[in-house]
Amino acid sequence: MVLAVSNSTEKTVSNKDKEEIISKIADRSAIVGVVGLGYVGLPFAVEKTKVGFQVIGIELNPKRAAAVNAAKNYIGDVDDAELTQAVENGQLIAVSSFDCIPDLDAIVICVPTPLTKNLTPDLSYIKSVTEQIAPFLRRGQLITLESTTYPGTTDELMRPILETGSGLTQGIDFFLAYSPERVDPGNQRYTTKNTNKVVGASDPDSLEVVTYFYQQTIDRVVPVSSAKAAELVKVFENIFRSVNIALVNELAMLCDRMDLNVWEILDAANTKPFGIMSFYPGPGVGGHCIPLDPHYLEWKAKEYNFNTRFIRLAGEINRSMPEYVVHKATKLLNYQGLATSKAQILFLGVAYKKDIDDWRESPAVQVMQLLQREGAKIGYYDPFVPFLTVDEHPLMSAKDMDTAIAQADLVIITTDHSQVDYGAAIGLAKAILDTRGITRKLADPDRKVVLL
Ligand code: SAJ
């Protein structure tokens, strides 16, 4: 293919470069770099080793890099034995510098994309990694961004930094693409390998190379027309969840006023065999994705003089849920003639969702914080979370659930871990506020349970 370039000389796309990287991917001589060995990067890195690639993980947290090199697993979705095998046979090595960039053929960037305190994108990780890569970039390399971000990041932020820093041109000298991570932490059914993968690039050669690269480890790769399109696909997926979770959270607050049981309403609605998808209310929306990612699009849309009202409203409703739980808890304590400031409250489950150990951005912790600030004595029991901090106060999980429940004036179920015996909890508790509806089908002869 011949590309016309600005100085009117014709420059052929180096098919040699494209053929070379494709051949190195095919015979597994391509060295894969993964920047960021978190809940996206480490599972991806291990998957690549399983199909024969040499992988260098660039992890700036030295503790994490050392853990990987010692085959000490810290990501629940990674199989311990597979990590050990990858490390022991030398296929996965973690480093904490970018000096190895020239040796890499494909570089996959899986760094965090948080929000600032006023809900604007914080691209500092992506920018810093891109700036570190640029001076080492060489002909024929593939750079892929996986972090969830606003449409335009790859082409408008990364590409100029890479081209300026290296003097190379995308699509002619190196390949640049976007492929969103789709990881559902704790999901036993869908893994890195069998979760369909969207890929997008803004030139045909980059799209061809990135598609072939991911096809080596993922059952189905879905190419789209540009990096920007792929970026929007991902953000839409999380907006879809945020809006639908907010819808049922709002319904829960209305049902409370109408003296209706939102769980009964939703269970019945979900018997519809078509045209519905089940979402349930909760104490709020946690994790590193759903509370944050939609605001990346909200921020970008403003450039087009467009207000994404669904995103804003959903965020407002979801962020209001911890306060709503406090309102319900206070009412319940009042029925017992107890002031919140005198109450002993036990939180059953503190992770941001069931059957995982991650409590960062957990709505449970937000509720704990609010009630602790009102003077309540709070404790928790969570088999996945041995300790956490609430307003910088360290807390350990109760060792024995039964004793902790019996000693509490109120139990608040904030995470519905599968392994907890909720029937026993009902028998032992004085009162329960169930924010996850996990007890809705259990016997409650003494009517101790109030559902959100
Ligand atoms: N939640 C509800 N009600 C619901 C569903 C979820 O209150 O009906 C809450 C959860 O308890 C949790 C939060 O929302 O606090 C987010 O839950 P989530 O199920 O969306 O899980 P995440 O954030 O760990 O992972 C999601 C992925 N989950 C699913 O698709 C089921 C997926 O959206 C993305 O691949 C991933 O975010 C990501 O990395 O973007």
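Residues numbered from 1 in each chain as written. Predicted model: local features only at pLDDT ≥ 70, side-chain atom pairs only at ≥ 80, totals over all residues. Heavy atoms only, no water.

As for the site of the ligand
As a matter of local geometry, the ligand sits amid 21 residues, with Glu181, Lys234, Arg241, Tyr280 and Tyr352 nearest to it. Between the ligand and Lys234 there is a distance of 2.7 Å, counted from an oxygen atom to a side-chain nitrogen or oxygen. Bound to the protein, the ligand loses 86% of the 730 Å² it would expose on its own. The cavity where the ligand resides is the second largest pocket. Among the residues making up the shell around the ligand, the classes are represented as 10 nonpolar, three polar and eight charged. (Near = heavy atom within 4 Å. Polar contact = N/O pair within 3.5 Å; in protein donor to acceptor, adjacent residues only side chain to side chain. Areas by Shrake-Rupley, 256 points an atom, 1.4 Å probe, with all protein chains shown as cover. 1 Å grid on protein atoms, 1.4 Å probe; cavity = no way out; pocket = protein on both sides within 12 Å on 5 of 7 lines; lining within 4 Å. Sits in = over half its atoms within 2 Å of the grid points. Nonpolar A, V, L, I, M, F, W, Y, C, P; charged D, E, K, R; others polar.)

A few points about the nonpolar core
Across soluble globular proteins, you tend to see nonpolar side chains buried next to one another. Counting residues in each nonpolar core, the largest one holds 60 residues, and the members touching the most others are Ile345, Phe347 and Leu348. Per-element tally for this core: the top contributor is helix H11 (residues 309-335), with seven residues. When neighbours within four sequence positions are excluded, Phe347 is seen to be in contact with Ala364, Val367, Met368, Leu371, Ile378, Gly379, Tyr380, Tyr381, Ile412 and Thr414. With 39 residues, the next largest nonpolar core counts Ile21, Val78, Ala106 and Val199 among its residues. (Core = buried A, V, L, I, M, F, W, Y, C linked by side-chain atoms within 4.5 Å. Buried < 20%, exposed > 50% of the residue type's maximum accessible area, 1.4 Å probe, protein only. Helix = DSSP H or I, 4+ residues; strand = E, 2+ residues; numbered from the N terminus. Contact = heavy atoms within 4.5 Å.)

Things to note about unusual backbone geometry
A positive phi angle, near 60°, is found at Leu119, a position not held by glycine. The topology assignment puts Leu119 in the loop between strand E6 (106-109) and helix H5 (124-133).

Details of the packing of aromatic side chains
A complete count under the given rule lists eight aromatic pairs for this structure. An angle of 70° between the planes, with centres 5.2 Å apart, marks the rings of Phe213 and Tyr214 as edge-to-face. By the burial criterion, Phe213 is buried, and Tyr214 matches it. One aromatic cluster in this structure is built from Phe44, Phe53, Phe213 and Tyr214. For Lys48, the ring lying beneath its charged end belongs to Phe213, and the centroid distance is 3.7 Å. Note that Arg440 overlies the ring of Tyr280, its terminal NZ or CZ placed 5.0 Å from the centroid. (Phe/Tyr/Trp six-rings, centres within 6.5 Å; stacked < 30°, edge-to-face > 60°. Lys NZ or Arg CZ within 6 Å of the ring centre and 35° of its normal.)

As for the layout of surface pockets
In this structure, the second largest pocket occupies an estimated 1400 Å³ of space. What lines the second largest pocket is a set of 38 residues, and nearest its centre among them are Asp184, Arg241, Ile245, Phe279 and Lys353. Tallied by class, the residues present in the lining of the second largest pocket amount to 16 nonpolar, 11 polar and 11 charged. Two domains each donate at least three residues to the lining of the second largest pocket, and these are domain 1 (15-225) and domain 2 (261-451). (Points joined across faces, edges and corners; volume = space filled by probe spheres on them. Domains from an automatic or database assignment.)

Quick look at empty space enclosed by the protein
A complete count under the given rule lists one cavity of 30 Å³ or more for this structure. As for the largest cavity, its lining consists of Val40, Phe44, Glu146, Pro180, Glu181, Arg182, Val183, Thr192, Thr195, Asn196, Lys197 and Ile218. When grouped by side-chain class, the residues that make up the lining of the largest cavity number five nonpolar, three polar and four charged.

Here's the deal with the packing of helix H8 (residues 227-258) against helix H9 (residues 262-269)
Two numbers describe how H8 lies on H9: the axes approach to 9 Å, and their chain directions differ by 130°. In terms of their interaxial angle, H8 and H9 are classed as oblique. Counting all contacts with H8, which are made through Val248, Leu251, Ala252 and Cys255, the residues of H9 involved are Val262, Ile265 and Leu266. A per-class count over the contact of H8 with H9 returns seven nonpolar, no polar and no charged. (Axes fitted to C-alpha atoms, helices over the stretch in contact; angles between N-to-C directions. Parallel < 35°, antiparallel > 145°, perpendicular 65-115°, else oblique.)

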